[in-house]
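Descriptive structure summary
For reference, the chains in residue letters:
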Amino acid sequence: QLETLELWNRAFSLEKIAEARDLGVGTIVGHICFLIEKGLGVNIDKLVKPERQKKIMAAVKAVGADKLTPIREALGEEYSWDEIKLTLAKMRSKK
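Every value quoted in this text rests on a predicted model; they were computed, and no experiment measured them.

By the element assignment, Pro-50 lies in helix H4 (residues 50–63). Pro-50 sits 37 residues away from Thr-87 along the chain, and the two C-alpha atoms are 9.6 Å apart.

Right under this line is the structure:
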């Protein structure tokens, strides 16, 4: 995960990090979520626009953070699973 952080800090995209590390994008998203939750200063604003984060946070407050599916159902399919995961990680980092 620290290698992922190093590449992220060098402004690599998720896809480029995945390619450089020979991993899937989903794995890299998992790394980024872990780094966010550990408070390592990862800013997700370029991955999830702040206005979308606000809507995801509102959905989480309405349905809870225990499972992703109810959050996605509340938001609709125009929100990706990765956007939800990243925003949840950000929310958890602030606790």
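Time to look at the nonpolar core. Counting residues in each nonpolar core, the largest one holds 27 residues, and the members touching the most others are Ile-32, Ile-36, Val-42, Ile-56, Ile-71, Leu-75 and Leu-86. Among the secondary structure elements, those contributing two or more residues to this core are helix H1 (2–9), helix H2 (14–21), helix H3 (25–37), H4, helix H5 (68–75) and helix H6 (81–93). Tallying contributions element by element places H3 first for this core, with 6 residues. In contact with Leu-75, other than residues within four places in its own chain, are Lys-55, Ile-56, Ala-59 and Ile-84.

Let us now look at the packing of H1 against H3. In contact at an axis separation of 9 Å, H1 and H3 are set at 90° when each is read in the N-to-C sense. With respect to H3, the element H1 is oriented roughly perpendicular. Mapping the contact onto sequence places Thr-4, Leu-5 and Trp-8 in H1 and Ile-28, His-31, Ile-32 and Leu-35 in H3. Across the contact of H1 with H3, the residue classes tally to 5 nonpolar, 2 polar and no charged.

A positive phi angle, close to 70°, is found at Ala-11, a residue other than glycine. With a phi angle near 60°, Asp-22 is a residue other than glycine that sits in the positive phi range. Position of Asp-22 relative to the elements: it lies in the loop between H2 and H3. The class for Asp-22 is exposed, based on a relative accessible area of 72%.

Before going further, it helps to spend a moment on the packing of H4 against H5. Where H4 meets H5, the axes come as close as 9 Å, and the angle between the chain directions of the two elements is 120°. Comparing their axes, H5 and H4 come out oblique. Handedness of the crossing formed by H4 with H5: right-handed. On the side of H4, the interface is formed by Lys-55, Ile-56, Ala-59, Val-60 and Val-63, while H5 contributes Pro-70, Ile-71, Ala-74 and Leu-75. Here the residues of the contact of H4 with H5 are counted per class, giving 8 nonpolar, no polar and 1 charged.

What counts and how
- Here the residue numbering is sequential within each chain, running from 1 through the sequence in written order.
- Side-chain atom pairs in this predicted model are given and counted only at pLDDT of 80 or more, local residue features only at pLDDT of at least 70, and totals for whole chains, interfaces and linings cover all residues.
- Hydrogens and waters are ignored; side-chain quantities use all the structure's heavy atoms.
- A run of H or I in DSSP becomes a helix once it reaches four residues, and a run of E becomes a strand once it reaches two; helices and strands are each numbered from the N terminus.
- What is meant by a nonpolar core is a set of buried Ala, Val, Leu, Ile, Met, Phe, Trp, Tyr and Cys residues, joined one to another through side-chain atoms within 4.5 Å.
- In this scheme, a residue with accessible area under 20% of its type's maximum is buried, one over 50% is exposed, and one in between is partly exposed, where area comes from a 1.4 Å probe on protein chains only.
- By definition, residues are in contact when any of their heavy atoms lie within 4.5 Å.
- Only the stretch in contact is used when fitting a helix axis, every axis being a line fitted to C-alpha atoms; angles between N-to-C directions are given from 0 to 180 degrees.
- Here is the rule for angles: anything less than 35 degrees is roughly parallel, anything more than 145 is roughly antiparallel, 65 through 115 is roughly perpendicular, and the remaining ranges are oblique.
- Under the scheme applied, nonpolar residues are Ala, Val, Leu, Ile, Met, Phe, Trp, Tyr, Cys and Pro; charged residues are Asp, Glu, Lys and Arg; polar residues are all the others, including Gly.
- Note: crossing handedness is left-handed where the near helix turns anticlockwise from the far helix by less than a right angle, and right-handed where it turns clockwise.

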